[in-house]
Amino acid sequence: MLKEERHQFILNEVRIHNRVLLTDIADLLNVSVDTVRRDIKELHNAEQLKKVHGGAISLGFNG
């Protein structure tokens, strides 16, 4: 799976669930947690989601 496809999948999961865990995404995509961590860091830097300890949340999520 290409990086762009992983990014879209992560963003879609965040939109649906408001929060995602690194381990859950890694399992779903069959990639390492480090790969997901790098993807989430890139998406955070692009201001598409908010990186939190162990995962990510949508920008508008306050829970």
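Refer to the structure presented above.
Predicted model, so just to flag it, every value in this text is computed and none were measured. (Residues numbered from 1 in each chain as written. Predicted model: local features only at pLDDT ≥ 70, side-chain atom pairs only at ≥ 80, totals over all residues. Heavy atoms only, no water.)

**Student:** Before we move on, can you summarise unusual backbone geometry with the specific residues and values?
**Tutor:** Positioned with a positive phi, Asn30 is a non-glycine residue whose angle comes to about 60°. Its place among the elements puts Asn30 in the loop between helix 2 (22–29) and helix 3 (33–45). (Helix = DSSP H or I, 4+ residues; strand = E, 2+ residues; numbered from the N terminus.)

**Student:** Provide a residue-level description of the packing of helix 1 (residues 3–17) against helix 3, including the pertinent values.
**Tutor:** Viewed as axis vectors pointing N to C, helix 1 and helix 3 meet at an angle of 75°, and their least axial separation amounts to 10 Å. Compared by their axis directions, helix 1 and helix 3 come out roughly perpendicular. Listed contacts from helix 3 to Lys3, Arg6, His7, Ile10 and Leu11 of helix 1 are Thr35, Val36, Asp39, Ile40, Glu42 and Leu43. Partitioning the contact of helix 1 with helix 3 into residue classes produces five nonpolar, two polar and four charged. (Axes fitted to C-alpha atoms, helices over the stretch in contact; angles between N-to-C directions. Parallel < 35°, antiparallel > 145°, perpendicular 65-115°, else oblique. Contact = heavy atoms within 4.5 Å. Nonpolar A, V, L, I, M, F, W, Y, C, P; charged D, E, K, R; others polar.)

**Student:** Pulling in residues and values, what's your account of the sheet that holds strand 2 (residues 50–52)?
**Tutor:** The three strands are arranged 1-3-2 in an open sheet whose pairing can be described as antiparallel. Of all strands in the sheet, those with a lone pairing partner are strand 1 (19–21) and strand 2, marking the two edges. Between one strand axis and the next, the sheet turns through 25° on average, direction left out of account. Looking at chain direction, strand 1 and strand 3 (residues 55–57) are connected through three bridges and run antiparallel. Across the sheet, Leu21 pairs through a bridge with Gly55, a residue of strand 3. Its contacts with the sheet place helix 3 against strand 2 and strand 3, and it is angled at close to 135° to strand 2. (Pairing = 2+ DSSP bridges.)

Interpretation in functional terms is not warranted from these geometric data alone.
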